[in-house]
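Below are the chains, spelled out letter by letter.
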Amino acid sequence: KIPFSNIKYAVLENDTYNRKVISLSIVAPSKTIYLAPISNDENDNFDQFWNSLDALIQKYNQTQKNIGQQIQHKSMYEQWWAKLLAIICAVLAIGICITKIVDQDAISTWRLITFLAYTIPFCFIVYQANKKKK
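Residues numbered from 1 in each chain as written. Predicted model: local features only at pLDDT ≥ 70, side-chain atom pairs only at ≥ 80, totals over all residues. Heavy atoms only, no water.

Chemist: So what's going on with the overall build of the protein chain? Residues and values would help.
Modeler: Helix and strand counts for the protein chain stand at three helices and three strands. Listing each helix as α and each strand as β along the protein chain from the N terminus yields β-β-β-α-α-α. What you see for the protein chain is a C-alpha radius of gyration of 19 Å, clearly larger than the 14 Å of a compact globule of 134 residues, by over 25%. When its C-alpha atoms are laid out on the principal axes, the protein chain stretches across 60 × 40 × 30 Å. (Helix = DSSP H or I, 4+ residues; strand = E, 2+ residues; numbered from the N terminus. Rg over C-alpha atoms; globule rule 2.2 N^0.38 Å.)

What follows is the structure in structure tokens.
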């Protein structure tokens with residue numbers, strides 16, 4: 001059992017396989033707990049569970065006068081550090097691509113492709129999460 005006062009963030013997200021996951025960020029001990037349905041057949045029950053949990057969170061937040069004590073609905077990709085990391089990755093990707101164009105031997109093509117294969121999806125997910133929020 002986790003008291004609401006110990007939850008910092010609670011959000012319903014989709015994982016990399018587009019499955020629904022509830023992410024709970026706990027204050028003490030500092031960790032993140034992920035809740036997911038056992039199978040895709042459980043998605044309806046999982047949605048009902050999230051709706052009930054979200055309603056309880058909203059009631060809890062209404063009783064908290066201090067905004068810092070309220071449970072936030074931010075995903076990992078909406079955090080300030082994820083935005084900063086996405087910007088750094090995008091700048092590095094552009095810089096490395098320009099370097100590769102100027103000097104073909106500066107970096108191997110496979111390393112560039114590998115870096116871009118990780119960077120582009122991450123930046124896209126951060127962009128989508130923050131665009132949806134607005």
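Chemist: So, the state of the cysteines: which residues are in play, and what are the values?
Modeler: Enumeration according to the criterion identifies zero disulfides in this entry. Looking at C123, it has no disulfide partner, and the nearest cysteine sulfur is the one in C89, 5.5 Å off. (Disulfide = S-S within 2.5 Å.)

Chemist: Could you give me a rundown of a nonpolar patch on the surface, with the residues and numbers involved?
Modeler: A contiguous nonpolar surface patch, about 690 Å² in accessible area, is contributed by M76, W80, W81, L84, L85, I88 and L92. Note that M76 resides in the loop between helix 1 (43-63) and helix 2 (80-102). (Patch = residues over 30% accessible without salt bridge, like charges linked within 9 Å, V, L, I, M, F, W, Y side chains within 5 Å. Areas by Shrake-Rupley, 256 points an atom, 1.4 Å probe, with all protein chains shown as cover. Salt bridge = Lys/Arg side-chain N within 4 Å of Asp/Glu carboxyl O.)

Chemist: Account for the layout of surface pockets, with residues named and values stated.
Modeler: Counted as a void, the second largest pocket has a volume near 190 Å³. Taken together, 13 residues make up the lining of the second largest pocket; nearest its centre are Y9, S25, T32, M76 and Q79. Elements with a minimum of two residues in the lining of the second largest pocket: strand 1 (7-14), strand 2 (20-26) and strand 3 (31-35). If you tally residues by element for the lining of the second largest pocket, the top one is strand 1, at four residues. Class assignment of the residues belonging to the lining of the second largest pocket gives a composition of five nonpolar, five polar and three charged. (1 Å grid on protein atoms, 1.4 Å probe; cavity = no way out; pocket = protein on both sides within 12 Å on 5 of 7 lines; lining within 4 Å. Points joined across faces, edges and corners; volume = space filled by probe spheres on them. Nonpolar A, V, L, I, M, F, W, Y, C, P; charged D, E, K, R; others polar.)

Chemist: Describe the confidence of the model for the protein chain, with residues and values.
Modeler: On average, residues of the protein chain score 86 in pLDDT, and 96% of them are at 70 or above. Per-element confidence in the protein chain is highest for helix 2, whose mean pLDDT is 94, and lowest for strand 1, whose mean pLDDT is 84. (pLDDT = per-residue confidence, 0-100.)

Chemist: Please provide a residue-by-residue account of the pattern of salt bridges, values included.
Modeler: Scanning the model with the defined rule gives one salt bridge in all. One salt bridge in this structure joins D47 and K20, with 2.8 Å as the shortest N-O distance. Taken together, the positions of D47 in helix 1 and K20 in strand 2 put the pair 27 residues apart, joining distant regions of the chain.

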